[in-house]
Amino acid sequence: MSIASMEAISDKTIAVNIESDLDLKNAADLQKNVNQTIDEGKINVIINLENVRYIDSSGLTAIANIKEKSNEKNGDALIVCSNSSIRKIFDITGLDEYIKIFDAQENAVKAFEK
């Protein structure tokens, strides 16, 4: 069972809407599915964490690896998250320095349009 739905935003951009917690049980599957989508040409990825209430180190690793894969294909990965608890995890780990975080998906989409 997939924990995420994917929505095409443009020819090269996809939004990945994560619909549950992101942890050891599902992080590897998420990374595999998104990496396959990147290989198919959707090199810009918006990772929407609005429905995530818990994320562990395997979830953070999956997100970092998705960004790395996207960057290898000359794309980028961005995060959408308004939950202060989840955002704090990115701040504590320093991942907020590596991947841009937006409060709303519309703002992430606009960042790719520039």
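Above this text sits the structure in question.
Residues numbered from 1 in each chain as written. Predicted model: local features only at pLDDT ≥ 70, side-chain atom pairs only at ≥ 80, totals over all residues. Heavy atoms only, no water.

1. Observations concerning the overall build of the chain
Phase 1 of the analysis: Across its full length, the chain carries four helices and five strands.
Phase 2 of the analysis: Whereas a compact globule of 114 residues would reach a radius of gyration of roughly 13 Å, the chain reaches 13 Å, a difference of no more than 12%.
Phase 3 of the analysis: Principal-axis analysis of the C-alpha atoms gives the chain an extent of 30 × 30 × 20 Å.
Phase 4 of the analysis: Buried residues in the chain amount to 49% of all 114 residues.
Phase 5 of the analysis: Within the chain, counting contacts between residues at least 6 apart in sequence, those at least 24 apart form 67% of the total.
Phase 6 of the analysis: Entry remark: accessible area of the chain is about 6,300 Å², with carbon and sulfur atoms responsible for 45%.
Phase 7 of the analysis: When the 13 basic and 19 acidic side-chain charges of the chain are each reduced to a single mean position, those positions are 3 Å apart. (Helix = DSSP H or I, 4+ residues; strand = E, 2+ residues; numbered from the N terminus. Rg over C-alpha atoms; globule rule 2.2 N^0.38 Å. Buried < 20%, exposed > 50% of the residue type's maximum accessible area, 1.4 Å probe, protein only. Contact = heavy atoms within 4.5 Å. Areas by Shrake-Rupley, 256 points an atom, 1.4 Å probe, with all protein chains shown as cover. Lys, Arg positive; Asp, Glu negative; His and termini not counted. Charge placed at Lys NZ, Arg CZ, Asp CG, Glu CD.)

2. Structural notes on helix α2 (residues 57-72)
Every α-helix winds through 3.6 residues per turn, so residues three or four apart in the chain are directed the same way.
Phase 1 of the analysis: With 16 residues, α2 should cover 22 Å at 1.5 Å per step; its first-to-last C-alpha distance of 22 Å lies within 8% of that length.
Phase 2 of the analysis: Ser-58, Gly-59, Leu-60, Ala-62, Ile-63, Ala-64, Ile-66, Lys-67, Lys-69 and Ser-70 are the residues of α2 that are buried.
Phase 3 of the analysis: Packed against the buried residues of α2 are α1 (27-39), β3 (44-48), β4 (76-80) and α3 (84-93).
Phase 4 of the analysis: Looking one or two residues beyond α2, the residue adopting positive phi is Asn-74, at roughly 65°. (Expected span 1.5 Å × (residues − 1).)

3. Examining the packing of aromatic side chains
The description of two aromatic rings rests on the distance between their centres and on the angle between their planes.
Phase 1 of the analysis: Summed over the entire model, instances satisfying the criterion amount to zero aromatic pairs.
Phase 2 of the analysis: The residue whose ring lies beneath Lys-67 is Tyr-98, and the NZ or CZ to ring-centre distance is 5.4 Å. (Phe/Tyr/Trp six-rings, centres within 6.5 Å; stacked < 30°, edge-to-face > 60°. Lys NZ or Arg CZ within 6 Å of the ring centre and 35° of its normal.)

4. Section: the side chain of Lys-67
Phase 1 of the analysis: Tracing the chain through its elements places Lys-67 in helix α2.
Phase 2 of the analysis: Ignoring sequence-local partners within four residues, the contact set of Lys-67 consists of Asp-76, Ala-77, Tyr-98 and Ile-99.

5. Looking at unusual backbone geometry
Phase 1 of the analysis: Positive phi, normally seen in glycine, also occurs at Asn-74, with a value near 65°.
Phase 2 of the analysis: For Asn-74, the position within the fold is in the loop between α2 and β4.

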